[in-house]
Amino acid sequence: MPISVYIPSPFRRLTADREYVTVEGRSVADVLDALDQRYPGFANLVYDRERKVPTHINIYLNNQEIHDLQGTETAVSDGDQLAVIPALAGGAAGGGDGRAAPANAALTPEEVMRYSRHIIMPQVGPQGQRKLRNAKVLVIGAGGLGGPVAVYLALAGVGTIGLVEFDVVDLSNLQRQILHQTKDVGRPKLASARETLTAYNPHVKVVEHPLPITSDNAMEIIPQYDIIVNGADNFATRYLVNDAAYLAGKTLVDGAILLFDGQATVYKPGSGCYRCLYPDPPPPGLVPSCAEAGVLGAITGIVGSIQATEVFKQILGIGEPLVNRLLLIDALSMEFRVMKIRRDPSCPLCGDHPTVKELIDYDVFCGSSPLEVPVSARA
Amino acid sequence: MSVRVQVTSVIQKVVNGQRELDVDGSTVGELITNIDARYPGFAEQLMDGRGELHRFVNIYLNDEDVRYLNGKETPLSDGDTVSILPALAGGAR
């Protein structure tokens, strides 16, 4: 039974831009299967994981919505016309007005198109894309690591990206910090970060936290987010963010770089933390900063992309998170190695008998004040 | 007992810029002593004055942290890889 199917414009990249496609089938489900066979990936656009047509997609048989008939079991016959119509959110046809869509709103055709390379993958699909849109991710530092993390989150349509940063753009940042450009030297990093991210994707809401994160504000900022990403440049902030994320019950996606080396891991509350990996910070001055020792610009992209990937997996609930594993990257040998990390039962934060039950003074803990480092000397 | 030792970042300075060394040693502690004999100053990167391993430097035997094995007494076998990893803080601000 040849049935003519109207393909909406956001789905037409699958059909080589054909507006109408004719396939065989005895029921709506048959027709959709036939479309998927001819245009692999089509089913992912019209079905959710339970193989139901999601609420944001209407399918019309002639002029009747199939929910008012027998759903996908509705029989079709010769000469029938089927139309697949994704709903539009709040009248924002095109969706390019920069306003965030309501949490449960359907994806707009513009969003379906923009994120199609993600949506087409069964591990993402329209539901996954909406999870990304609803997600709130906090990135500590809008510098070397925070840059690629924030860019990839914005490109992927993560709805809310918080940035903690108080620094201004220095000429020496531009060797690696992709959020900032030459014209931004001297401007607050948050200003150029917002511009870059919203230029990439106007749907993303960028929340600015224009302060150093401290023991006084961390428990106000961190609980507002679902996932925390660490791109801090000093040990005091690393221990602070570790403790605050654990106390707030948030997953922390950690990364660090120096010279040609990178490290990345994910701490989930209860599966170990930064204190389990490194119980004490090194004495001030022993481990140099990137400003003192240098860092390969591109390694920030490697580690930042890995952190963004872990955030993505976490939001979508797919794959194996980088939990209890420390990924080591050596750019010179281009070797990636994985070491085991365990929750330490004697950990003062997440061990069996914790002694750190609230945030402490991390400058004292680390023996130095990170804020005393002159801006121009920062890595 | 020949063991491959991989050192990252700042520790490489102490071993003449190498990132891998082949060293003899029957335990982790002996390995450190033997490297220190060749590269004086190596041991103090890893241990305090009382010979305790620093808590901001991790030593892995293959992929396992030696703190969860037998610390400096952890025995080594031919072909093992020992990795020495100081904490890194850089986010490249």
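Residues numbered from 1 in each chain as written. Chains lettered and ligands numbered in written order. Predicted model: local features only at pLDDT ≥ 70, side-chain atom pairs only at ≥ 80, totals over all residues. Heavy atoms only, no water.

### Digging into the packing of aromatic side chains
- This model, assessed by the stated rule, comprises five aromatic pairs over all chains.
- A centroid spacing of 6.2 Å and a plane angle of 90 degrees characterise the contact between A:Phe11 and A:Phe42, whose relative ring orientation is edge-to-face. With A:Phe11 in the loop between β1 (2-6) and β2 (20-24) and A:Phe42 in helix α2 (residues 42-46), the pair connects residues that are 31 residues apart, well separated along the chain. One exposure class covers both A:Phe11 and A:Phe42, and it is buried.
- Above the ring of B:Tyr68, the side-chain terminus of A:Arg342 is found at 5.3 Å from the ring centroid. (Phe/Tyr/Trp six-rings, centres within 6.5 Å; stacked < 30°, edge-to-face > 60°. Helix = DSSP H or I, 4+ residues; strand = E, 2+ residues; numbered from the N terminus. Buried < 20%, exposed > 50% of the residue type's maximum accessible area, 1.4 Å probe, protein only. Lys NZ or Arg CZ within 6 Å of the ring centre and 35° of its normal.)

### So, unusual backbone geometry
- With a phi close to 70 degrees, A:Asp17 is a non-glycine residue in the positive phi region.
- With respect to the helices and strands, A:Asp17 occurs in the loop between β1 and β2.
- Not every positive phi belongs to a glycine, and B:Asn16 is a case in point at roughly 65 degrees.
- Of the residues examined, B:Asn16 reaches a relative accessible area of 66% and is grouped as exposed.

### Quick notes on the interface of chain B and chain A
- The interface of chain B with chain A comprises 26 residues on the first partner and 54 residues on the second.
- Of the roughly 3300 Å² buried between chain B and chain A on both sides combined, carbon and sulfur atoms contribute 54%.
- Taken together, chain B and chain A are joined by seven salt bridges.
- Measuring nitrogen to oxygen at the nearest pair gives 4.0 Å for the salt bridge that ties B:Arg67 to A:Asp344.
- The tally of links between chain B and chain A comes to 13 residue pairs in polar contact (both at pLDDT 80 or more).
- Residues that form the side of chain B that touches chain A fall into these classes: eleven nonpolar, eight polar and seven charged. (Contact = heavy atoms within 4.5 Å. Buried area = accessible area lost by both parts, 1.4 Å probe. Salt bridge = Lys/Arg side-chain N within 4 Å of Asp/Glu carboxyl O. Polar contact = N/O pair within 3.5 Å; in protein donor to acceptor, adjacent residues only side chain to side chain. Nonpolar A, V, L, I, M, F, W, Y, C, P; charged D, E, K, R; others polar.)

### What about the sheet that holds strand β1 (residues 2-7) of chain B?
Residues and elements named next belong to chain B.
- Sheet architecture is open: five strands sit in the order β2-β1-β5-β3-β4, paired in mixed fashion. Two strands bound the open sheet, and with one partner strand each, they are β2 (20-24) and β4 (64-65).
- As paired strands, strand β3 (residues 57-61) and strand β5 (residues 81-86) are joined by five bridges and run antiparallel to one another. Its bridge partner being in β5, Ile-59 is matched across the sheet by Ile-84. (Pairing = 2+ DSSP bridges.)

### A word on empty space enclosed by the protein
- Scanning all chains against the criterion turns up seven cavities of 30 Å³ or more.
- Taken as a whole, the largest cavity encloses approximately 130 Å³ of empty space.
- Residue lining of the largest cavity: 18 residues in total, with A:Asp261, A:Ile329, A:Asp330, A:Arg337 and B:Thr8 positioned closest to the centre.
- When residues of the lining of the largest cavity are traced back to their parent elements, those giving at least two are β11 (261-267), β12 (325-330) and β13 (335-340) of chain A together with β1 and β5 of chain B. (1 Å grid on protein atoms, 1.4 Å probe; cavity = no way out; pocket = protein on both sides within 12 Å on 5 of 7 lines; lining within 4 Å. Points joined across faces, edges and corners; volume = space filled by probe spheres on them.)

### Observations regarding the confidence of the model for chain B
- Averaged over all residues, the pLDDT of chain B is 91; the fraction at 70 or higher stands at 97%.
- Both scores are available for the predicted complex, with the pTM at 0.75 and the ipTM at 0.82. (pLDDT = per-residue confidence, 0-100.)

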